[in-house]
Amino acid sequence: MTTCKIDYQAPEGLLADRVILVTGAGDGIGRAAALAYARHGATVILLGRTIAKLEAVYDEIEAAGGAQPAIFPLNFEGATLKDYYDMAETLDREFGRLDGILHNAGLLGRIMPFEQYNPELWEQVMQVNINGPIWMTQALLPLLKSSPDASVIFTSSSVGRRGRAYWGAYSVSKFATEGFMELLADELEHLGSIRVNSLNPGATRTAMRKTAYPGENEMTLRTPEEIMPTYLWLMGPESRGHNGERFDAQPPKA
Ligand SMILES: NC(=O)c1ccc[n+]([C@@H]2O[C@H](COP(=O)([O-])OP(=O)(O)OC[C@H]3O[C@@H](n4cnc5c(N)ncnc54)[C@H](OP(=O)(O)O)[C@@H]3O)[C@@H](O)[C@H]2O)c1
């Protein structure tokens, strides 16, 4: 059972005074989420691997009068445990706490028969989609614990909830994401101040979707901006009490 909040209307100051980290914030869904969170009052930390894209989002937030964001360049492919702990130290110095993480950065890899899949590509996808985010989360836990009300969102996919032919490492990484979400939610449940959930954006008009479905008419897809209600609800205080649950940003197709 999953829940979708596409009709949610976020109040203006929903995320006022909250410090929120968004990974893959330079493009696609992450970019839309960073802008939406900033528009609702958050101080957003923009993490990604392409600095020019992060700078463009930074400028957009500033131009719209949002709280001053921060840029954190990081490539999940090469990052080490030390990088994540150094990052935690920097964020602790600058902000003292984290009220939310949107784990959104993702790599598709290739859609092809498993027989042809090579281990290097498999590991690259697992590194970006699950291993990197896991160790980053470990390093950032003390900052999340310093928040009175923190929300951690892991981005899933329909192929992380039901296996589908040819989706290879991407599908397996999303299954692992769901599993990690559940165990972390269970481990932190007793704190009562950190909720951990997963969110499947559903088919959304982005570069990744175009790579996966090159022949599709993209105008039939929702834009990243259109799926933001669930992203806002799950990051904001109204989702308090929901922990270890699976959400959908779009209603399932009939
Ligand atoms: N679009 C869909 O239909 C759909 C459906 C289900 C799930 N999802 C999930 O939604 C999330 C966002 O996807 P999207 O469609 O918005 O994809 P996208 O447009 O390709 O954006 C992916 C983002 O992840 C960043 N990224 C990729 N590799 C990275 C790395 N090694 N280190 C740091 N950042 C990295 C990219 O940075 P650059 O900009 O520098 O490339 C980009 O900002 C992903 O987790 C994806 O699996 C999407």
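What you are looking at is a predicted structure, and each value in this text was computed from that prediction instead of being measured. (Residues numbered from 1 in each chain as written. Predicted model: local features only at pLDDT ≥ 70, side-chain atom pairs only at ≥ 80, totals over all residues. Heavy atoms only, no water.)

Observations concerning the site of the ligand
For clarity, the threshold we go by: Near is defined per residue: the residue qualifies when any heavy atom it owns lies within 4 Å of the molecule or strand. For this analysis, a polar contact is any N or O atom pair within 3.5 Å, provided that within protein one partner can donate a hydrogen and the other can accept it, and provided that sequence-adjacent residues contribute only side-chain to side-chain pairs. Accessibility throughout is a Shrake-Rupley quantity obtained with a 1.4 Å probe, and a residue counts as covered only by protein chains that appear here. Strands here are runs of E lasting at least two residues and helices are runs of H or I lasting at least four, both read from the DSSP assignment and numbered beginning at the N terminus. For this classification, Asp, Glu, Lys and Arg are treated as charged, while Ala, Val, Leu, Ile, Met, Phe, Trp, Tyr, Cys and Pro are nonpolar and the rest, including Gly, are polar.
The environment of the ligand is made up of 30 residues, and the closest members are Thr-50, Lys-53, Asn-75, Tyr-170 and Thr-206. A distance of 2.4 Å is found between an oxygen atom of the ligand and a side-chain nitrogen or oxygen belonging to Thr-50. A distance of 3.4 Å is found between an oxygen atom of the ligand and a backbone nitrogen or oxygen belonging to Gly-202. Contact with the protein chains hides 93% of the accessible area of the ligand, taken as 900 Å² for the molecule alone. Secondary structure elements with two or more residues in the shell around the ligand: α1 (28-39), α5 (168-188) and α6 (207-212). Of all the elements, α6 adds the most residues to the shell around the ligand, at 3 residues. Tallied by class, the residues present in the shell around the ligand amount to 10 nonpolar, 14 polar and 6 charged.

Points about the UniProt feature "domain: Ketoreductase" (unreviewed entry) in the chain
Rules: UniProt positions are given in the numbering used here, feature names are shortened, and annotations may be inferred rather than shown by experiment.
In the numbering used here, UniProt assigns the "domain: Ketoreductase" (unreviewed entry) feature to residues 18-204. Secondary structure content for residues 18-204 is 47% helix and 17% strand, while the C-alpha to C-alpha distance between its ends is 27 Å.

What about the environment of Phe-72?
Just so we agree on the cut-off: Contacts are residue-level and defined by heavy atoms, with any inter-residue pair within 4.5 Å sufficient.
Looking at where Phe-72 falls in the secondary structure, it is placed in strand β4 (residues 70-73). As for Phe-72 and Met-87, which are separated by 15 residues in sequence, their C-alpha atoms are 8.4 Å apart. Contacts of Phe-72, omitting those with residues within four sequence positions, involve Ile-45, Leu-46, Leu-47, Gly-48, Leu-54, Met-87, Thr-90 and Leu-91.

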